[in-house]
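Working through the structure, step by step
Chain by chain, the residues:
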Amino acid sequence: MAEAADFQGTPSPARRWLRRTGALLAGAPLLAGLMQLPAAAPAQAAGSDTVSVALDSLSPSAPSDGDTLTVSGTVTNNGKQAVTDAHVDLRVGSLLGTRSEIDTAARHSDDLQSSLGTEVGGKYTEDFDSLGPGVAEQFSISVPVDKLDLGQDGVYQFGVSLSGKTAAQQWDQVLGIQRTFLPWQSSEADTKTKTTYLWPLISTVHVTAKTGAGELQTPVFQNDDLAKEISPGGRLAQMLALGKDLDVTWVIDPDLLASVDAMTRSYRIQGADGTTTAGTHQAVAKQFLADLQDAVTDREVVALPFADPDLASLAHNGTSVTGSLSHLKDATDVATTTVKTVLHVTPNTDFAWPVDGAVDPSIIKVATSAGADKVIARSDSLQETGGLPYTPSAARPIGGGTTAVVADARLSTAFEGDLTQADSSTLAVQQFLAQSLALNTQTDKQRSIVVAPQRMPSASQAQAMAAAITALQDSNWSQVQDLAAAAKAKPDPGATTKIPSSSAYPSSLRKQELPRTAFEQIARTQDKLDNFQVILTDESRVVTPFGRAINREMSTSWRGSGSEADSFRTSVESWLDDLISQVKLIDKSETKLSGRSATIPVTVQNNLVQGVNHLVLRLTSTMPTRLEIGGNPYYEQPVEVSGGHSQSVKFSTSANANGRVEVTAQLYTEDGQKYGTPVKFDVKVTEVTPTVMLVIGGGVLLLVLAGFRMYTQRKRAAARRAEEDDGPDEAGEDTPDAPGNPEAPGASEAESPGDTEDTDGPGNPAAHGDRLQEESVAQSRADDPEQPSDPTPDTAPESADPSETGERVDR
């Protein structure tokens, strides 16, 4: 009753009940006794559990002079007793002077213990004869604003209550109430707040790293959820339909554009069993992109890095892993190209947006490492410490040429939570407008305020946001401003510029971050990709889908979905491993090597659709003293294999000893990195085989026999010559030509001392006879048939010139 008495005007229900009771009762003692009854408290206690009031709509949300306010909703009897003489009343509460008072009032919006406000009364009520248990009744009341007796401009509490009687309490009492806020700016404000509202068009990860083998490289989607989002009535379709009529700054993830663009052509959906089915929503995708192109024409578009990487996770867990920051730079570079290609507009890529605008020094450092010089923070992270009596402008210089654009936390979080019910949505809209007006009335100084809502609003949240923005843009205290202009606005000199420490980062957000192991897996996948792409003749077929998949592995959308993030990273790496394994060495069984030298073939198989090159095949002997390859312990040869083909590479080997030798075949890239798994096989070396020994032995035996035959033939020939030479002496000793016969003509001359004539001259009959005899013997030998074993006469003239190449020269 004391709470009710705080409001002047119409008496409270409890006080009216006391007056009627006092007129009927006789005697002061009884009246005094009744005055001791806690009349108001039981009514309020019953009302908190008995009747609920839902405020489904309030229009206009921010009325001005001459408007008529229409309030509609539902009252529901949650008790076990019927409510009689029920009536719905409108109530105007006190003027709320600060933003904190608005916060407090919002926390107690249905509390009967708080101030009820002044009844509007008169004909601006709605009556119900009876409201039975469990019964809900709708109401709608319209009242001219001038009947509300609003005073100065500002934010007023505004309530809708249900009063009535129950069988247990037969007096008129307030059984339920719902309070909200009524922003009142009767005319144009002298100073208007410049308000920037970010309209995020962001989704989760949908596209895998897999593509079809054909020239078109048909993309494979994880599921068909994106089609649901962009179809009429879907979340993104509603975001687009609502946003096109608003003066907002579009904040777009290029991955969403790339994914929808991929859906305009042939695409496939991955099933739980690993099979894929053809996607069928090409028309929906084309319509969505066409509508989006129209919506962003002549509007400010801010592009996030591709796949919206989690800056906080990267700063806290990824910077210690080599190469992690390079992915952020790559995602930023791709963003501009993607937006230009799909939407035909040039986006602004100067802004980085950490999760919930929570920042610390490491996040700022990472956020600006890829070229962004503006970081969208939030006022509940970068809090005011200077004691300013008003909310300062968003822009804050924080050093190093970086600007922190600090979004207002109250306005940015106004539409979080479940807004599927009309009453919760209405309350959110009214509270947002109340905070905006209260902010504007803080000072006569014009400020630039930024609103950065949650990244992926639900459809109901988006509808509430759109209703609030529409009312704000039609209001008398706010005007629209682009994000770029807000970032360039002159900062308040008293606003804080100190970045909070790492320890101040919210633990609830830190728990949702990608772990270090995630970045280690990303780095491992990138290393494999780098090693793989150097051998490809068309590396873009692999680098592009896997590069974008690695960007998606770092997406902010994985927060709260750790197991799904792990599964996605594993699938990307596994698919890359599968592609890498398509270029491989064919296993070999044991190889037998006969003789001192032989050729060993090793086969390289390429099951990719494109050719590979810049590969080197190295064959290594583990025992080079027994088996050498190309005259060395190992030998390597370049390899080029067309798509879908195999190639055998042959290596020359030489054996130095018999035995088994293990040989390793390994592919390398031209820069010396191992590629794929090695193939090991045994080579059984037999330097001289038994067959070769038999051949050699037979050859030696033939040489020995041939030499013996030559020897015997020469011996017989010598014997014949000897017989022929001795023949005349034995037949007749009176041969006149016999040498030494004293009687022979000229014998004395031949033996005469001092005779210088050549005794072999033609004038010497004896010499002539000797020559005739020798020629006769020689002719006889020449007439004999030639034997195969006869040696070749060594009578050819020797040449002093060097021998020809490859010529065998006997010395």
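Calculation notes
- Each residue is numbered by its place in its chain's sequence as written, counting from 1.
- Given that this is a predicted model, residues contribute local features only at a pLDDT of at least 70 and side-chain atom pairs are listed and counted only at 80 or more, while totals for whole chains, interfaces and linings are drawn from all residues.
- Calculation of side-chain values draws on the structure's entire complement of heavy atoms; hydrogens and water are dropped beforehand.
- Only when DSSP finds a minimum of two bridges between them are two strands counted as paired.
- Counting from the N terminus, the helices are the DSSP runs of H or I reaching at least four residues and the strands are the DSSP runs of E reaching at least two.
- Inter-axis angles, ranging from 0 to 180 degrees, are taken between N-to-C directions of lines fitted to C-alpha atoms, where helices are fitted over the stretch in contact.
- By this rule the span expected of a helix is its residue count minus one, scaled by 1.5 Å.
- Exposure categories follow from relative accessible area, calculated using a 1.4 Å probe and restricted to protein chains: below 20% of the type maximum is buried, above 50% is exposed, and the middle band is partly exposed.
- The contact criterion used throughout is that any non-hydrogen atoms of two residues lie within 4.5 Å.
- To pair, rings of Phe, Tyr and Trp, with the six-membered ring standing in for Trp, must have centres within 6.5 Å; the planes then decide the type, stacked if under 30 degrees apart, edge-to-face if over 60, and tilted in the middle.
- An angle below 35 degrees is treated as roughly parallel, one above 145 as roughly antiparallel, one from 65 to 115 as roughly perpendicular, and anything else as oblique.
- For any helix crossing, the convention is left-handed if the near helix is rotated counterclockwise from the far helix by under a right angle, and right-handed if that rotation is clockwise.
- Gly is placed with the polar residues, together with every amino acid not listed as nonpolar (Ala, Val, Leu, Ile, Met, Phe, Trp, Tyr, Cys and Pro) or charged (Asp, Glu, Lys and Arg).
- For our purposes a nonpolar core is just a set of buried Ala, Val, Leu, Ile, Met, Phe, Trp, Tyr and Cys residues, chained together by side-chain atoms within 4.5 Å.

**Section: the sheet that holds strand 30 (residues 674-686)**
- Strands sit in the order 23-30-29-25-27 across an open sheet of 5 strands; the sheet is mixed. In this open sheet, the two edge strands, each paired with only one partner strand, are strand 23 (591-594) and strand 27 (634-641). Here the strands of the sheet are splayed against their neighbours by 30 degrees on average, with no regard to which way each runs.

**With respect to helix 17 (residues 516-533)**
- In this model, helix 17 (18 residues) spans 26 Å end to end at C-alpha, consistent with the 26 Å of a helix rising 1.5 Å per residue.
- Among the residues of helix 17, A518, F519, Q521, I522, A523, T525, Q526, L529, N531, F532 and Q533 are the ones counted as buried.
- On its buried face, helix 17 is in contact with helix 9 (311-318), helix 10 (324-343), helix 18 (540-553), helix 19 (562-580), strand 29 (659-669) and strand 30.

**Overview of helix 18**
- Its 14 residues place the ends of helix 18 19 Å apart at the C-alpha level, agreeing with the 20 Å of an ideal helix rising 1.5 Å per residue.
- Counting buried residues along helix 18, 11 of its 14 residues qualify, which places the element largely inside the surrounding structure.
- When helix 18 is considered as a whole, its buried residues turn out to be R541, V542, P545, F546, G547, R548, A549, I550, N551, R552 and E553.
- Close packing links the buried residues of helix 18 with strand 10 (207-211), helix 7 (254-263), helix 10, helix 17 and helix 19.

**Describing the packing of aromatic side chains**
- Inspection of the entire model under this criterion finds 6 aromatic pairs.
- Judged by centre distance (6.4 Å) and plane angle (25 degrees), the rings of F532 and Y675 are stacked. Of this pair, F532 sits in helix 17 while Y675 sits in strand 30; the two residues are 143 residues apart in sequence, bridging distant segments of the chain. For the residue pair F532 and Y675, the accessibility class agrees, reading buried in each case.
- Here a set of aromatic residues connected by ring pairs shows up, and it is made of Y197, F415 and F432.

**Quick word on the packing of helix 18 against helix 19**
- Relative to each other, helix 18 and helix 19 sit at 160 degrees, their axes nearing to 9 Å. The angle between helix 18 and helix 19 places the two elements in the roughly antiparallel class. As for how helix 18 packs across helix 19, the hand of that crossing is left-handed. Along its contact with helix 18, which presents F546, A549, R552 and E553, the element helix 19 presents F568, R569, V572, W575, L576 and L579.
- Here the residues of the contact of helix 18 with helix 19 are counted per class, giving 7 nonpolar, no polar and 3 charged.

**Here's the deal with the pairing of strand 18 (residues 395-399)**
- Looking at chain direction, strand 18 and strand 19 (residues 402-407) are connected through 4 bridges and run antiparallel. Paired with P397 across the two strands is T403, which belongs to strand 19.
- Joining the antiparallel neighbours strand 18 and strand 19 is a turn of 2 residues, in which G400 adopts a positive phi near 70 degrees.

**Some words on the nonpolar core**
- In terms of nonpolar packing, the biggest core is built from 76 residues, with F532, F546, L617 and L619 touching the most fellow members.
- In terms of residue count, helix 19 provides more of this core than any other element does, 7 residues in total.
- Residues V155, Y267, V342 and A464 belong to the second largest nonpolar core, which totals 64 residues.

Keep in mind that these numbers describe shape and distance, not what the molecule does.
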